[in-house]
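Breakdown of the fold
Chain by chain, the residues run as shown.
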Amino acid sequence: MSSLQGSRAAGPGDTHVLQIYPRVNRVTSPCCTLQVTAAHTTAAVIQNAVATLGLDTLRSYSLLEQQESGAEETLLEAGEHPVDRYLLWPQETHKWHPQSQGYHFILHEGEIWPEDSVEEYDDLCRLPELSDGTLLRTLRQRFYKKKIYTYASSILVAVNPFKFLPCYYNPKYITMYENQPLGKLSPHIFAVANVAYQAMLNRRLDQCIVISGESGSGKTESSSYLVHCLTALSQKRYSSGVERTLLGAGPVLEAFGNAGTAQNNNSSRFGKFIKLNYLESGVIRGAIIEKYLLEKSRLVCRDKSERNYHVFYYLLVGASKEERKEFSLLQPQEYHYLQQEDFCVEDEEKLRHQYKRLHQAMEMVGFLASTKKLIFSILSAILYLGNVTYSVTEEGEVLDVGPDDVLTMLSDLLKVKRELLVNTLTKRRAVASNDTLVLPYLLKEATTARDSMAKSLYGSLFDWIILHVNHTLLNRRDMQESVLTRSIGILDIFGFENFQTNSFEQFCINYTNERLHHYFSQHVFNRQQASG
């Protein structure tokens, strides 16, 4: 399965500037500039443009979109939202979009009727001509009609609408797609889940669904829908608590493993593999979650416009007065590890809601109140580690660490003796000829050691959380009795991003995605050509 990013999420009240170029007789103005929101429809934009240009309100007008110079113009229907299309354009065209760049809106005098006779393809492999242009044009046309799913043989391509579409995820669709072969009904993520489930039962072979795509393309949401459908199909035979636990695990892993990036406000910074185990009868009997390559470097170093992991902001904004005192919490801007350009927490109400949601999700997967306190204490300690500073004494030999209040807080939060903490932050051990030497860090080495400690603490905490979730999902009875099981794996791999300068971690992520796409493209399209 593949996901594409449709647009970045925009709030209903966010204001955007659109330039509308009139194609009307008797108009000398090259364009009119309007301020619109995501809630404005095409009809409202046309009405505002007509009033701004002083046109005859008794005549009919149409709004057209052109995405490339010389490309085909697309008619916007009266109920559509022009901002949705504008957000799909390249970032550099958002502030100002002259006609020379290709991306712009046209106000046309007179009505234009859409061509209903154009054949629509829900499988890209059936296109008469296969090219980048025809593939993208087909996906765009279907997306504008709120058809976010399209097949490419056995691959499902999903374009992220950045909003919930009730017409797609009604529970009745799970029943509708059950026992139906792929391609018989319109493309849907439930069809992929059903095919994998039926193949596991009928062929008695383990199955795997791979989700890949750009950062922000909706991979995590797609993973959740797959889990929901696969557990629902099983529960027709037997009810279990696996789905409830998995649904609770989702927000927990998202809080600790997701962060806001330049391209995506909720980017997964790790890869995960969910393995659903079934009895041969099709009854779900447990699950295992594995994680890959958590981006620990984000904790201590990242682009100044990006955020750290969500859970830090949830805790600092959502914690009660009692919790703030218990965990010795400061304001977000007072932590070195959370510093960024123009730092401002504008979404406080949302962060408070997410903090409550995190508490509920942790309870669903079996975290006791005492365990949650230990987790939040470690998170607070990690933030305080970033505030540890070093200085060299006048003699230039001894390394001083401080401030004293930060070291005291760290000692209390981590439940370790202050002397041991100071030694760990300032000295290292080396073994030579069966002797253990204790050597002081250099100033640069000490800062690196401090950051390494923070990354190690966070990585170990994340591993332990997944271990706890897996312990809750484990079916001990089946293990003790050595029951034969089948499985369906869901690989939700990290999203690829393409910056001017990519970090080593992002390079590895992009390379992995490229290799996966190469394999699937070669495998699926070669098989399609052989069968065709």
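Just so you know, these numbers come straight off a predicted model, no measurement behind them. (Residues numbered from 1 in each chain as written. Predicted model: local features only at pLDDT ≥ 70, side-chain atom pairs only at ≥ 80, totals over all residues. Heavy atoms only, no water.)

**Description of the overall build of the chain**
When helices and strands are tallied, the chain shows 17 helices and 18 strands. When the 532 residues of the chain are sorted by exposure, 48% land in the buried category. Restricting to contacts in the chain with at least 6 residues of sequence separation, those with at least 24 account for 65%. Approximately 27,700 Å² of the chain is accessible, and the part contributed by carbon and sulfur atoms is 51%. (Helix = DSSP H or I, 4+ residues; strand = E, 2+ residues; numbered from the N terminus. Buried < 20%, exposed > 50% of the residue type's maximum accessible area, 1.4 Å probe, protein only. Contact = heavy atoms within 4.5 Å. Areas by Shrake-Rupley, 256 points an atom, 1.4 Å probe, with all protein chains shown as cover.)

**Let's talk about the sheet that holds strand 3 (residues 32-37)**
The strands that make up a sheet are held in pairs by hydrogen bonds between backbone atoms, and each pair lies either parallel or antiparallel. Read from one edge to the other, the open sheet built from 5 strands follows the order 3-2-6-4-5, with strand pairing classed as mixed. Two strands close off the open sheet at either side, each with one partner strand: strand 3 and strand 5 (74-75). Pairing of strand 4 (residues 61-66) with strand 6 (residues 104-109), which is carried by 6 bridges, proceeds in the antiparallel orientation. Bridging across to strand 6, Gln66 finds its partner in His104. (Pairing = 2+ DSSP bridges.)

**What about empty space enclosed by the protein?**
Under the criterion given, the structure shown has 2 cavities of 30 Å³ or more. Taken as a whole, the largest cavity spans an internal volume of roughly 40 Å³. If you go around the largest cavity, the residues you meet are Pro251, Glu254, Ala255, Tyr314, Gln354, Arg357 and Leu358. Quantified by volume, the second largest cavity comes out at close to 30 Å³. Forming the boundary of the second largest cavity are Met200, Leu201, Arg204, Glu280 and Arg486. (1 Å grid on protein atoms, 1.4 Å probe; cavity = no way out; pocket = protein on both sides within 12 Å on 5 of 7 lines; lining within 4 Å. Points joined across faces, edges and corners; volume = space filled by probe spheres on them.)

**Re the packing of helix 9 (residues 310-318) against helix 12 (residues 369-385)**
Two elements in contact, helix 9 and helix 12, have axes separated by 11 Å at closest approach and are oriented at 105 degrees. Classified by the angle between their axes, helix 9 and helix 12 sit roughly perpendicular to one another. Note on element contacts: helix 12 touches helix 9 through Phe376, Leu379, Ile382 and Leu383, opposite Val311, Phe312, Leu315 and Leu316. Within the contact of helix 9 with helix 12, the residues separate by chemical class into 8 nonpolar, no polar and no charged. (Axes fitted to C-alpha atoms, helices over the stretch in contact; angles between N-to-C directions. Parallel < 35°, antiparallel > 145°, perpendicular 65-115°, else oblique. Nonpolar A, V, L, I, M, F, W, Y, C, P; charged D, E, K, R; others polar.)

**Describing the nonpolar core**
The biggest cluster of nonpolar side chains holds 104 residues, and the ones touching the most others in it are Phe256, Phe312, Leu379 and Tyr458. Other than its neighbours up to four places away in sequence, Tyr458 contacts Phe256, Leu294, Leu299, Tyr309, Val311, Phe312, Leu379 and Ile382. Counting residues in each nonpolar core, the second largest holds 23 residues, with Leu34, Ile46, Tyr61 and Leu107 among its members. (Core = buried A, V, L, I, M, F, W, Y, C linked by side-chain atoms within 4.5 Å.)

**Considerations on the packing of helix 9 against helix 11 (residues 348-364)**
Two elements in contact, helix 9 and helix 11, have axes separated by 8 Å at closest approach and are oriented at 105 degrees. Here helix 9 is positioned roughly perpendicular relative to helix 11, judged by the angle of their axes. Across from Val311, Tyr313, Tyr314, Leu315, Val317 and Gly318 in helix 9, the residues of helix 11 making contact are Glu348, Leu351, Arg352, Gln354, Tyr355 and Leu358.

**As for unusual backbone geometry**
The omega torsion across Gly402 and Pro403 is -10 degrees, close enough to zero to call that bond cis. Tracing the chain through its elements places Pro403 in the loop between strand 15 (399-402) and helix 13 (404-414). Look at Phe162: it is not a glycine, yet its phi comes out positive at around 55 degrees. Here Phe162 lies in the loop between strand 8 (155-159) and helix 4 (166-169). Of note, Asn179 is a non-glycine position whose phi angle comes to about 65 degrees, a positive value. Tracing the backbone through its elements, the reader meets Asn179 in the loop between helix 5 (172-177) and helix 6 (189-203).

**Digging into the confidence of the model for the chain**
Interpretation of the predicted coordinates at a detailed level should be avoided for regions scoring low in pLDDT. Mean pLDDT over the chain works out to 85, with 89% of the residues at or above the 70 mark. Across the chain, helix 12 holds the top mean pLDDT of 96, while strand 1 (residues 2-4) sits lowest at 54. (pLDDT = per-residue confidence, 0-100.)

**Side note on a nonpolar patch on the surface**
On the surface, Phe504, Phe507 and Tyr511 cluster together into a nonpolar patch covering about 400 Å² of accessible area. Along the polypeptide, Phe504 turns up in helix 17 (residues 504-531). (Patch = residues over 30% accessible without salt bridge, like charges linked within 9 Å, V, L, I, M, F, W, Y side chains within 5 Å. Salt bridge = Lys/Arg side-chain N within 4 Å of Asp/Glu carboxyl O.)

**Description of the environment of Pro403**
The exposure class assigned to Pro403 is partly exposed, which follows from its relative accessible area of 36%. With residues near it in sequence (within four places) discarded, Pro403 still touches Asn387 and Thr389.

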